[in-house]
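Fold and geometry: a report
Spelled out from the first residue to the last, the chains are:
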Amino acid sequence: MDFKDFELIYKENRCEIKDKQKIESKLKEIVGDNNVSTKDIDILAYTKDTSLIGFNWTLQGQIAGLPDFVTWPENVEQISNILKFANQEKVPVIPYGEGSGVVGGAIPVQGGIIIDMKKFNKVLEINDKNLTVTAQTGINGMNLERHLNSKGYTTGHIPQSLYISSLGGWIAHRAAGQFSTKYGKIEDILLGMEAVLPQGEIINFKTIPRASTGPQLDKLFIGGGGTLGIVTKATLKIWPYPAKRTLISYAFPSIEDSFKAVRQILREQIYPAVIRIYDSFETSRHFPDIEKAKDKVMVVFVCEGNSKLVELEELITKEKSEKNSGVDCGVHPVEHWFETRFRVTETSAMPPYKIVFDTIEVASLWEDASRVYYSVLESMKKLQGVIMITAHVSHFYPNGVGIYFTFGGAPGKGQTDLEYYQKCWDTIIKAVIDANGSIAHHHGIGINRAHWMETELGRSMNTLRRIKKLLDPNDILNPGKVYVDIWKGGEK
Ligand SMILES: Cc1cc2nc3c(=O)[nH]c(=O)nc-3n(C[C@H](O)[C@H](O)[C@H](O)COP(=O)(O)OP(=O)(O)OC[C@H]3O[C@@H](n4cnc5c(N)ncnc54)[C@H](O)[C@@H]3O)c2cc1C
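The notes below deal with the structure included here.

Conventions adopted
Residues numbered from 1 in each chain as written. Predicted model: local features only at pLDDT ≥ 70, side-chain atom pairs only at ≥ 80, totals over all residues. Heavy atoms only, no water. 1 Å grid on protein atoms, 1.4 Å probe; cavity = no way out; pocket = protein on both sides within 12 Å on 5 of 7 lines; lining within 4 Å. Points joined across faces, edges and corners; volume = space filled by probe spheres on them. Helix = DSSP H or I, 4+ residues; strand = E, 2+ residues; numbered from the N terminus. Domains from an automatic or database assignment. Nonpolar A, V, L, I, M, F, W, Y, C, P; charged D, E, K, R; others polar. Pairing = 2+ DSSP bridges. Axes fitted to C-alpha atoms, helices over the stretch in contact; angles between N-to-C directions. Contact = heavy atoms within 4.5 Å. Buried < 20%, exposed > 50% of the residue type's maximum accessible area, 1.4 Å probe, protein only. Phe/Tyr/Trp six-rings, centres within 6.5 Å; stacked < 30°, edge-to-face > 60°. Lys NZ or Arg CZ within 6 Å of the ring centre and 35° of its normal. Parallel < 35°, antiparallel > 145°, perpendicular 65-115°, else oblique. Left-handed = near helix turned anticlockwise from the far one by under 90°.

Some thoughts on the layout of surface pockets
A volume near 700 Å³ is recorded for the second largest pocket. Taken together, 32 residues make up the lining of the second largest pocket; nearest its centre are R174, I222, G223, A440 and I445. Of all the secondary structure elements, the ones that give two or more residues to the lining of the second largest pocket are strand 18 (356-365), strand 20 (400-409) and helix 16 (453-457). Both domains that furnish three or more residues to the lining of the second largest pocket are identified here as domain 2 (123-240) and domain 4 (345-471).

Points about empty space enclosed by the protein
Here the structure, examined in full by the defined rule, presents one cavity of 30 Å³ or more. In terms of lining residues, the largest cavity is bounded by Y10, S51, I53, W57, G104, I107, Y421, I447 and N448. Its residues assigned to classes, the lining of the largest cavity comprises six nonpolar, three polar and no charged. Looking at which domains feed residues into the lining of the largest cavity, each of domain 1 (3-116) and domain 4 (345-471) gives three or more.

A look at the sheet that holds strand 11 (residues 202-205)
Pairing between the strands of a sheet comes from backbone hydrogen bonds, and it takes one of two forms, parallel or antiparallel. Strand order in the open sheet made by the five strands is 7-8-12-10-11, with antiparallel pairing throughout. The open sheet has two free edges, formed respectively by strand 7 (123-127) and strand 11, since each of these has just one partner strand. Strand after strand, the sheet turns through a mean of 10 degrees between neighbouring axes, direction not considered. Bridging between strand 7 and strand 8 (residues 132-136) involves four bridges; their strand directions are antiparallel. Bridging from a neighbouring strand, I126 pairs with V133 of strand 8. Relative to strand 10 (residues 190-196), helix 4 (residues 76-89) is tilted by about 50 degrees, and along the sheet it contacts strand 10, strand 11 and strand 12 (230-237). Strand contacts of helix 5 (residues 141-150): strand 7, strand 8 and strand 12, with the helix running at about 35 degrees to strand 7, the strand carrying the most contacts.

Some thoughts on the environment of I355
Relative to the helices and strands, I355 is located in the loop between helix 13 (345-349) and strand 18. Accessibility expressed as a relative area gives 12% for I355, which makes it buried. Counting along the chain gives 71 residues from I355 to S284, while the straight-line C-alpha distance between them is 21 Å. Residues within four places of I355 in sequence aside, it is in contact with N56, M350, I387, G408 and G409.

Looking at the packing of aromatic side chains
Overall, the coordinates contain 16 aromatic pairs when judged by the stated rule. Among the aromatic side chains, those forming a connected cluster through ring pairs are Y46, W72 and Y96. Directly above the ring of F69 sits K20, whose terminal nitrogen or CZ lies 5.9 Å from the centroid.

Some thoughts on the sheet that holds strand 16 (residues 297-305)
With antiparallel pairing, the seven strands of this open sheet are ordered in space as 17-14-16-15-19-20-18. Edge strands, defined here as strands with exactly one partner in the open sheet, are strand 17 (327-328) and strand 18. For strand 18 and strand 20, the ladder comprises ten bridges, and the chain directions are antiparallel. Within the sheet, the bridge partner assigned to I360 lies in strand 20 and is F405. Along the sheet, helix 11 (residues 307-323) contacts strand 14 (244-252), strand 16 and strand 17; its crossing angle with strand 14, the most-contacted strand, is approximately 5 degrees.

Observations concerning the environment of K18
Note that K18 resides in the loop between strand 1 (7-8) and helix 1 (20-31). In this structure K18 comes out as exposed when scored by relative accessible area, which is 78%. Measuring from C-alpha to C-alpha, the distance between K18 and N478 comes to 20 Å, with 460 residues separating the pair along the chain.

Overview of the packing of helix 1 against helix 4
Between helix 1 and helix 4, the least distance of the axes is 9 Å, while the angle of their chain directions is 160 degrees. Classified by the interaxial angle, the pair formed by helix 1 and helix 4 is roughly antiparallel. Of the two possible hands of crossing, helix 1 and helix 4 adopt the one that is right-handed. Residues K22, I23, K26, L27, I30 and V31 of helix 1 touch helix 4, and the partners they reach there are Q78, N81, I82, F85 and E89.

Here it is in structure tokens:
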């Protein structure tokens with residue numbers, strides 16, 4: 001295959017590798033002949049992540065980024081040695097979990113060496129007394145959860161991408177699962193880890209329930225987007241598999257009513273594992289046959305855990321929902337949600353019609369939640385070509401929410417898909433910032449949000465840049481992400 005036949009999207013900052021043969025030989029020396037590939041079929045497989053615009057590019061014969069080498073290391077020393085060598089040769093290294101990221105985090109925008117973590121796939125220990133599991137970070141999410149379930153446990157971390165994402169990817173993007181209101185997000189679940197710094201040093205963070213040992217450096221790697229270190233091993237909290245599960249759903253007259261009900265539930269320190277509010281557009285899309293929810297806002301709840309506690313959670317959840325004009329829709333909508341919760345066929349259905357389609361998740365305090373929701377809807381409706389903008393709210397705190405927008409639209413004449421995609425992203429993010437929201441809830445920064453980081457973090461962005469420079473003076477590890485704006489013409 002000749003890659004020149006494809007249009008390369010991210011080509012401007014590609015690294016120049018003079019002696020490819022030499023690098024390939026050294027990589028083979030480090031990880032073994034079978035764990036390095038420069039075959040076209042492998043190179044092609046690592047040109048993208050699951051950024052939805054990637055579907056449009058594939059249909060148009062375009063590829064996002066082009067790596068030079070793919071490696072599958074088998075132990076932490078090999079990762080360390082690859083990084084040491086890459087620093088000598090000034091070749092980029094890109095950690096790759098399962099490529100389910102949706103913000104361009106794993107795209108090799110400058111070429112270089114892919115470190116695929118798939119051979120780091122073992123569960124190392126389950127400790128019943130401490131309620132922990134230790135695993136290598138390339139492990140597939142579903143394999144980890146199935147293994148735990150077979151022993152009577154769960155991590156409670158069930159992202160929609162469970163089947164297609166890895167533990168390392170969750171940590172790198174600060175992921176959140178569907179049951180997060182009860183079990184927490186990955187940062188609440190993670191207790192200890194091992195990581196390799198960009199220059200090859202291997203470091204460990206003790207597994208400990210809590211510590212007062214100075215600034216908690218491990219936080220740098222949770223949400224680091226694979227730019228500050230490669231996480232190789234992690235210890236997570238686990239829980240006995242829930243004894244009881246109750247399914248509840250209510251339809252509310254407005255999004256404000258649903259917000260009020262959920263806020264009141266959480267104020268009582270009642271944490272249904274799953275809470276999902278679908279705005280009226282998504283309610284009609286996902287629950288068209290529920291008559292009571294017509295033109296309304298559907299909310300599904302799942303309470304789980306100890307039977308007596310679940311009964312109490314159910315009671316209070318129903319009480320608060322009814323107090324705020326909720327109409328009981330029974331268990332069927334929640335059963336439907338369980339059946340379809342991993343189904344995302346609509347995302348690949350749009351590109352053949354030349355529609356640019358994507359999702360953006362953001363966060364806000366309760367007092368700004370309605371404003372964020374309406375600002376995004378209004379600004380997107382004004383943008384030419386937009387054919388849909390809808391939302392659901394899927395992550396909750398006593399203090400605020402994570403809102404998840406879905407949009408689709410057709411680029412104007414002479415506009416590329418990427419230009420239109422960037423315009424939609426910038427329109428949404430600007431509306432969120434203007435309404436006092438935060439630019440990312442759980443998909444991470446990657447490429448798509450890098451140029452908004454300065455606005456989001458203010459002066460602390462300089463501190464972050466300094467940390468990156470200190471740990472990675474040659475900018476070897478996952479360059480072009482988080483700190484660097486490689487989108488040109490992004491609007492602020
Ligand atoms: C259909 C679908 C549903 C999704 N649902 C959810 C959801 O419910 N919740 C959610 O949070 N996200 C969700 N996502 C997004 C995505 O699954 C997450 O961002 C996930 O955490 C990425 O994991 P991955 O292993 O696929 O990482 P990749 O895409 O391979 O990589 C993501 C980033 O992590 C870095 N990285 C990977 N492994 C390591 C490592 N070991 N050490 C350091 N850096 C590393 C990469 O360099 C890259 O920057 C969804 C995505 C899809 C396509």
